[in-house]
Amino acid sequence: MSSQQFQETYESIYTTGIKLLQYLQEMRAGQLSEGNNAQSLQTVEAEITTALKALQEQKYQVAVIAAMKAGKSTFLNALIGADVLASETEACTVCRTDIYPLPPDGVPKLLEYRQGQRKPFVVAQGSAAAIQKQFLQRTHDIRTTANKEGTLRFQLEHPIEAIHDYSSLKGLTLVDTPGPNEWQSEDLNFVSLKQTALEALRTCDAILFILDYCSFKDNTNSELLQELIEQRQEVLQHNTGKIYFILNKIDRKTEDDRPIDEVISDLRQMLVDFGIPNPNIYPTSAWQGLLAKLIQQETATSSHLKNFKNFFSGRYARENEEGDLIAPAPKKIAPQALEDSLIKKVEALVIQNVIGNSGWNLLHDVLAKLDKAAKAIEDSINLRINGWEMELQPLREKIEDYANVARGAIGQVKGVKALVEQQEKKLISQFRDEITEFAEKAKQTIQEEIDLFVQSWLSESTELEPSLPDELNEEESLPKLDVPQRLKESLTKIFANVLSRSESPYEIHCETEEEAQAIKEDINGVCAVLIKNWWSNTQDKLSRDGSEIRQELVAEIHNNIQMISDDLSKHIGESLDIALNINPIQSLGFEFQGIDSQVQYYTETFTKLTTEKRKGFCRDYEVDIPVEEQLSYYGIDLRKTTESIKTEIDNQTLGSLAIVEKAIKKQVSEDFRNAERQIYDYIERFQEEFERLLKERANKEAKADRIVAILEFQRDELHEYMGELVTLKEVLNTWKPGL
């Protein structure tokens, strides 16, 4: 499906939806004028409104990730079409920034969200230059103070040039992910980047992995890719189509460098070796693309023009008869420079991916909701027509019979709820077991690493066979967690040149308090990295498992409720001799938040309620390691250190368990309430129609022919809109993903 086809289908669905809504509103207005509240049709109207709102406001998230300073912010500026984000030459992104599209005439604005505050405050608004200046200042402040004010994320509201021609994509959000933080260790930065990438894989519609042309083989890139694919080959194979590897800064290629095609071939082989099948790789020059866009828009500053002339104009210079190189004016060559930057190609591919998957799903869901609403209206009209054509007394009997059947259906729904509550308990228990197992593995592995260090130290300190402490002889109860080699080496380096003999090999003697404090901080840092790294894998598994289990549970809920609904339809249809439409119990994507969103909400809530340094869901890690002053030295007892770490893991596990339990309960409750509401609306709609029929039959029997004629006219008009929906569905199915 091309972008233009998507836009046209989007507009057609919206237009048909508006016509259906107006038709229903006119019908309701007529009923209200006759003294009928038309409550059931009001519910149908709300469903149509919800679908149309989703069509207009649906968010598509495109995340941009970079392991190193690969030009991520410049690349985003090129997509936005404005020099508004601080580039890599000035500062890295220190917090997540969500970029929301504005209409071309909107006022750009930068908002900042902070821990413990519900509302954001405005950092800057107005021109791109003004926002960039204040954004850069806030970035410096956050770095200088180690984020003392607890900034969680930024939100930039700005027109996005890449999508300004598509009203169907005005909900597309660009996500600028955090880069390395200067106040954190290199290892902790790596784990944070990994967490960001895993979350993007779970939640975003497309992921752009930015690599520097000059250093794409950097160890950080290699390690991150290895971490991402480890035990996730199936996930990556399923999501390969939405991951793009952008080889940026190709403008830095010199005549002596290898051809770009060879570099891409090398990168492709590296990614295949990592386990990423058929990787999507595209070269770009984000800086060239940004400057070319600014020149075309006539928003380039003198600095932008100077940079363009110095670095790019020479490529378009032509030699005259005297051998002089003549470079055309920037405005003349900007269109070609933009095309050569390949930014527009990447934009088109990403947009194509989003609309071909997430966009198609949205249009399909909206059509399904509109179709259900139209059929609900049709059923109401048919019910009334047949009700007018039936004798009054048999009608009363059938209505009374329906009331009994409806009460039975409500009882069956309560039975489904009891089954759902049992499943909820099993789900919570399963997650509790996995989190508890993570905690036990983490505690055991840290204990073993400390024990191994002591064992190694004893071996080096004596020529005799060391007498090992009892701790080393304990049997393993759980498989160990993986400890990266670089962190094992870090543990060894921590104690270099500061150890002295003592009665217990677990006691470290330091000459000064500063040495002891340094060891404490180093142990803290290494253990923080270990725990966060292990937890990122556990959290990713929990989130993915939770999504799969939820899908299965939703299907079970809907199947049970659908059978109840089908029995009701069958009873009404047979009683009144009319063919009713199936009432589909729907679970539509735009109506639900994923478990990641629920967990994020409760994590922030948990953090706001606590006064301690740590946060829930194992986000941060800090522990006080005992340092004892004894005569002429300062001592650290590794046994007490290990116990302190274990206690901290237990404390954070309790917080994580509370958050996950709340998230699961809310998720399951919402899923059941959605299905429950649909069946109750169905029951109440027919109950209301029956009561209305009896009232009208008692007061307007003489107008029966006229009323039936009006109803048949309304049904004919409705069938026109239903025909449009059928046509749109047929068109959409020709673009179904996977065909």
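J.: Describe a negative patch on the surface, with residues and values.
T.: On the surface, Glu319, Glu321, Glu322 and Asp324 cluster together into a negatively charged patch. Checked against the element boundaries, Glu321 lands in the loop between strand S10 (318-319) and strand S11 (325-326). We classify Glu321 as exposed; its relative accessible area is 84%.

J.: Describe the sheet that holds strand S9 (residues 280-283), and please don't skip the residues or the numbers.
T.: Spatial ordering of the open sheet is given by S4-S3-S5-S2-S6-S1-S7-S8-S9, a layout of nine strands whose pairing is mixed. Two strands in the sheet have a free side with no partner beyond their single neighbour: strand S4 (121-125) and S9. Each adjacent strand pair in this sheet contributes to an overall mean axis angle of 25 degrees, direction not counted. Pairing of strand S1 (residues 60-66) with strand S7 (residues 206-212), which is carried by five bridges, proceeds in the parallel orientation. Each bridged residue has a counterpart across the sheet, and for Ile65 the counterpart in S7 is Phe209. Across the sheet, helix H8 (residues 260-274) lies against S7, strand S8 (243-248) and S9, angled at about 150 degrees from S9, the strand it touches most.

J.: Could you give an account of helix H2 (residues 39-57), naming the residues involved and the relevant values?
T.: Taking 1.5 Å per residue, 19 residues should reach 27 Å; H2 reaches 27 Å between its end C-alpha atoms and fits that length. Listed as buried for H2 are Ser40, Leu41, Val44, Glu45, Ile48, Ala51, Leu52, Ala54 and Leu55. Lining the buried residues of H2 we find helix H1 (3-33), helix H12 (343-389) and helix H17 (638-699).

J.: Tell me what's going on with the confidence of the model for the protein, and back it up with residues and numbers.
T.: Put simply, the protein has an average pLDDT of 81, and 83% of its residues get 70 or more. Ranking the helices and strands of the protein by mean pLDDT puts helix H9 (residues 286-297) first, with 96, and helix H16 (residues 595-609) last, with 48. Throughout residues 471-475 the model reports pLDDT below 50, and contacts reaching past four residues in sequence, or to other chains, amount to nine contacts. Long-range and interchain partners of residues 604-621, a stretch whose pLDDT sits below 50, account for 46 contacts in this model, where long-range means more than four residues apart.

J.: Before we move on, could you go through the side chain of Glu45 and cite the residues and values that matter?
T.: You can see Glu45 is positioned in helix H2. Beyond its immediate stretch of four places on either side in the chain, Glu45 contacts Leu21, Leu24, Gln25 and Arg28.

J.: Now, about the nonpolar core: what can you tell me, with residues and values included?
T.: Counting 86 residues, the largest nonpolar core has Ile48, Phe75, Leu174, Leu208 and Ile377 as its most contacted members. The element contributing the most residues to this core is H12, with 19 residues. By size, the runner-up hydrophobic cluster in this structure holds 61 residues, among which are Ile519, Leu580, Val668 and Ala675.

J.: Run through the pattern of salt bridges, naming residues and quoting values.
T.: According to the stated counting rule, one finds 37 salt bridges in the structure shown. Here Lys344 and Glu161 are joined by a salt bridge, their closest N and O atoms 3.5 Å apart. One end of the pair, Lys344, is in helix H12; the other, Glu161, is in the loop between strand S5 (151-158) and strand S6 (172-176), with 183 residues separating them in the sequence. Given a relative accessible area of 33%, Lys344 falls into the partly exposed group. Note on Glu161: relative accessible area 18%, which makes it buried. A salt bridge links Lys541 to Asp545, with the shortest nitrogen-to-oxygen separation between them at 2.8 Å.

J.: How would you summarise the pairing of S6 if you had to cite specific residues and measurements?
T.: For S6, the buried fraction is high: five of the five residues fall into the buried class. Across the two faces of S6 the burial is the same, with Leu172, Leu174 and Asp176 and Thr173 and Val175 all buried. Note that S1 and S6 share five bridges and pair parallel. If you follow Val62 over to S6, its bridge partner there is Leu174.

J.: Can you tell me about the packing of helix H10 (residues 302-311) against helix H11 (residues 330-341), naming the residues and giving the values?
T.: Here H10 crosses H11 at 70 degrees, and the two axes come no closer than 12 Å. With respect to H11, the axis of H10 lies roughly perpendicular. Along this stretch, H10 crosses H11, giving a crossing that reads as left-handed. Contact residues: H10 offers Leu305, Phe308 and Lys309, while H11 offers Pro330, Ile333 and Ala337. Looking at the contact of H10 with H11, its residues break down into five nonpolar, no polar and one charged.

J.: Account for the pairing of S4, naming residues and giving values.
T.: Two elements, strand S3 (residues 109-114) and S4, share four bridges in a ladder whose sense is antiparallel. Across the sheet, Lys109 pairs through a bridge with Gln125, a residue of S4. Connecting the antiparallel pair S3 and S4 is a turn made up of six residues, with Gly116 showing a positive phi of about 85 degrees.

J.: Now, about the environment of Val84: what can you tell me, with residues and values included?
T.: When you line up the elements, Val84 lands in the loop between helix H3 (72-80) and strand S2 (96-101). Val84 sits 48 residues away from Gln132 along the chain, and the two C-alpha atoms are 4.8 Å apart.

J.: Which residues make up the packing of aromatic side chains, and what values do they have?
T.: Under the counting rule described, the total for this entry stands at nine aromatic pairs. Ring geometry for Phe209 against Phe245: centres 5.7 Å apart, planes inclined by 40 degrees, an arrangement best described as tilted. Residue Phe209 is located in strand S7, and its partner Phe245 is located in strand S8; the two are separated by 36 residues in the primary sequence. Each of the two residues, Phe209 as well as Phe245, counts as buried. Geometrically, the ring pair formed by Trp287 and Phe312 is edge-to-face, given 5.6 Å between the ring centres and 75 degrees between the ring planes. A residue pair is termed long-range when its members are at least 10 positions apart, and Trp287 in helix H9 and Phe312 in the loop between H10 and S10 qualify at 25 residues. The exposure class of Trp287 is partly exposed, given its relative accessible area of 29%. Look at Phe312 and you get buried, because its relative accessible area is 0%.

About the thresholds
- Residues numbered from 1 in each chain as written.
- Predicted model: local features only at pLDDT ≥ 70, side-chain atom pairs only at ≥ 80, totals over all residues.
- Heavy atoms only, no water.
- Patch = residues over 30% accessible without salt bridge, like charges linked within 9 Å, V, L, I, M, F, W, Y side chains within 5 Å.
- Areas by Shrake-Rupley, 256 points an atom, 1.4 Å probe, with all protein chains shown as cover.
- Salt bridge = Lys/Arg side-chain N within 4 Å of Asp/Glu carboxyl O.
- Lys, Arg positive; Asp, Glu negative; His and termini not counted.
- Charge placed at Lys NZ, Arg CZ, Asp CG, Glu CD.
- Helix = DSSP H or I, 4+ residues; strand = E, 2+ residues; numbered from the N terminus.
- Buried < 20%, exposed > 50% of the residue type's maximum accessible area, 1.4 Å probe, protein only.
- Pairing = 2+ DSSP bridges.
- Axes fitted to C-alpha atoms, helices over the stretch in contact; angles between N-to-C directions.
- Contact = heavy atoms within 4.5 Å.
- Expected span 1.5 Å × (residues − 1).
- pLDDT = per-residue confidence, 0-100.
- Core = buried A, V, L, I, M, F, W, Y, C linked by side-chain atoms within 4.5 Å.
- Parallel < 35°, antiparallel > 145°, perpendicular 65-115°, else oblique.
- Left-handed = near helix turned anticlockwise from the far one by under 90°.
- Nonpolar A, V, L, I, M, F, W, Y, C, P; charged D, E, K, R; others polar.
- Phe/Tyr/Trp six-rings, centres within 6.5 Å; stacked < 30°, edge-to-face > 60°.

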